[in-house]
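Listed below, chain by chain, are the residues.
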Amino acid sequence: MLWLWGLTVHINFKLLISGVLLSLSQQAFAQVNIFTCEPEYAALAEELAPDARIYSATTAMQDPHLVQARPSLIAKMRQADLVVCAGAELEIGWLPMLQMKAANAQVRSTDKGLFFAAEHVDTLDKMANVDRSMGDVHSLGNPHLHFSPERMLLIAKALTKKLVQLDAEQTEAYQQRLQSFSKRWQAASSKWQEVASQLKGMKVIAYHSSFRYLFDFVSIEQVADLEPKPGLPPTSTHLASLLKRAKQGDISAIVVASYQDLRGANWLAEKSSLPVIVLPLSVGGNEQSSDLFSLYDNVLDLLIQEYNAQKLLAL
Ligand SMILES: [Zn+2]
């Protein structure tokens, strides 16, 4: 009898343990695993799904056009419930390979766990006729969307829908998160709009079309590109033509993202006496840019500082 009692206790204890393990594993399973292609979307996911496990394939110090499908990235994508990327072919050179190697059916189609931000907004600069001679052009429009406050809000709404689709149990929490984000984002956007009015009319030479949406938002004109063609580094002939352009005297600065090669910009700066402004392309691109809000704050600060300094010099 005593032996039988011992057995019962033993069995109950085992059941109890396995029950605990089961609920733990259920909990772990319920945590959505999000893989993002760029840090701006990791930052957005952080806002909208703070309980999720979030991983970014690239940092702001990397070129998002050119990424190696490393084994660690493949392993991360294999575990993902949701993959969030800019889209519009920004990742065309590496995402398909990563998807193939990860062999995770869940993140193969946008009907399921694949999300392209560009599919939910209008892109700027779509091109009808594209051929190889034009370089690495973004024919579906510029995919560097995250400096458009308006578009980011639309993307946040669409991403919330996707999260609800994948994790319906948390619907209410996702909706609350979106509401809180929207409120803070709209308030910040009005503030940015106001601050940015100081930049209206500023002309710059910049590297690639990385800040196309930012310049659109704050009415800065990018009069020339350090790249002779998209995806190509500056050549000496091209730099010479930029110098000629700079000498017209209406340009205030050369703008480069912190991951981009500074050599061409520095050469031009030296010859033209224009300042180089190094902006973070995304969250983590410098110390101050720790989330989407501080990224915008910092980028506007850096531009305004230099523009005002230039205006003082011109007096
Ligand atoms: Zn690009």
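The rules behind the values
- Residues numbered from 1 in each chain as written.
- Predicted model: local features only at pLDDT ≥ 70, side-chain atom pairs only at ≥ 80, totals over all residues.
- Heavy atoms only, no water.
- Buried < 20%, exposed > 50% of the residue type's maximum accessible area, 1.4 Å probe, protein only.
- Helix = DSSP H or I, 4+ residues; strand = E, 2+ residues; numbered from the N terminus.
- Arc of directions from axis to C-beta.
- Contact = heavy atoms within 4.5 Å.
- Domains from an automatic or database assignment.
- Buried area = accessible area lost by both parts, 1.4 Å probe.
- Salt bridge = Lys/Arg side-chain N within 4 Å of Asp/Glu carboxyl O.
- Polar contact = N/O pair within 3.5 Å; in protein donor to acceptor, adjacent residues only side chain to side chain.
- Nonpolar A, V, L, I, M, F, W, Y, C, P; charged D, E, K, R; others polar.
- Donors = N, O, S within 2.8 Å, 3.2 Å for Na, K, Ca; no water.
- Phe/Tyr/Trp six-rings, centres within 6.5 Å; stacked < 30°, edge-to-face > 60°.

A. Main features of helix 9 (residues 263-272). When we look at burial in helix 9, the residues that qualify are Gly264, Ala265, Leu268, Ala269 and Ser272. Seen end-on, helix 9 carries its buried residues on one side only, within an arc spanning 130 degrees. Turned more than 90 degrees away from the buried face of helix 9, the exposed residues are Arg263 and Glu270. Those residues of helix 9 hidden inside the fold are in contact with strand 5 (203-206), helix 8 (236-246), strand 7 (253-257) and strand 8 (276-279). Just past helix 9, the residue serine 273 takes up positive phi, approximately 60 degrees.

B. Examining the domain arrangement of the chain more closely. Split by domain assignment, the chain resolves into domain 1 (30-193) and domain 2 (198-314). Of the roughly 2,800 Å² buried where domain 1 meets domain 2, counting both sides, 65% is carbon and sulfur surface. When the buried area of domain 1 at its contact with domain 2 is split by residue, Ala60, Phe147 and Trp192 rank highest and sum to 28% of it. One can count two salt bridges joining domain 1 with domain 2. The closest approach of N and O atoms between aspartate 125 and arginine 212, which form a salt bridge, is 2.5 Å. For the pair domain 1 and domain 2, the interface holds 14 residue pairs in polar contact (both at pLDDT 80 or more). Breaking the side of domain 1 that touches domain 2 down by element, the ones donating at least two residues are helix 2 (39-48), helix 5 (149-166) and helix 6 (171-196). The dominant element in the side of domain 1 that touches domain 2, judged by the number of residues it contributes, is helix 6, at eight residues. Partitioned by chemical class, the residues of the side of domain 1 that touches domain 2 number 17 nonpolar, 12 polar and nine charged.

C. Highlighting the coordination of the zinc ion. Bound to the zinc ion are the protein donor atoms His65 (NE2), His138 (NE2), His144 (NE2) and His208 (NE2), situated 2.0 to 2.1 Å from the metal. Sequence positions of the residues that donate to the zinc ion give the spacing H-x72-H-x5-H-x63-H. Of this pair, histidine 65 sits in the loop between strand 2 (53-56) and helix 3 (71-78) while histidine 208 is found in the loop between strand 5 and helix 7 (212-218), placing the two residues 143 residues apart along the sequence. Accessibility classification places histidine 65 together with histidine 208 in one group, the buried group.

D. Representation of the packing of aromatic side chains. With the rule as written, the count across this model stands at 11 aromatic pairs. Centroid distance phenylalanine 35 to tyrosine 55: 5.7 Å. Interplanar angle 45 degrees. Geometry classified as tilted. Taken together, the residues span a long stretch of sequence, with phenylalanine 35 in strand 1 (residues 33-36) and tyrosine 55 in strand 2 at a distance of 20 residues. Classification of phenylalanine 35 by relative accessible area gives buried; the value is 1%. According to the relative accessible area criterion, tyrosine 55 is partly exposed, its value standing at 22%. Grouping aromatic residues by their ring pairs yields a cluster made of Phe147, Phe181, Trp185, Trp192, Phe211, Phe215, Phe293 and Tyr296.

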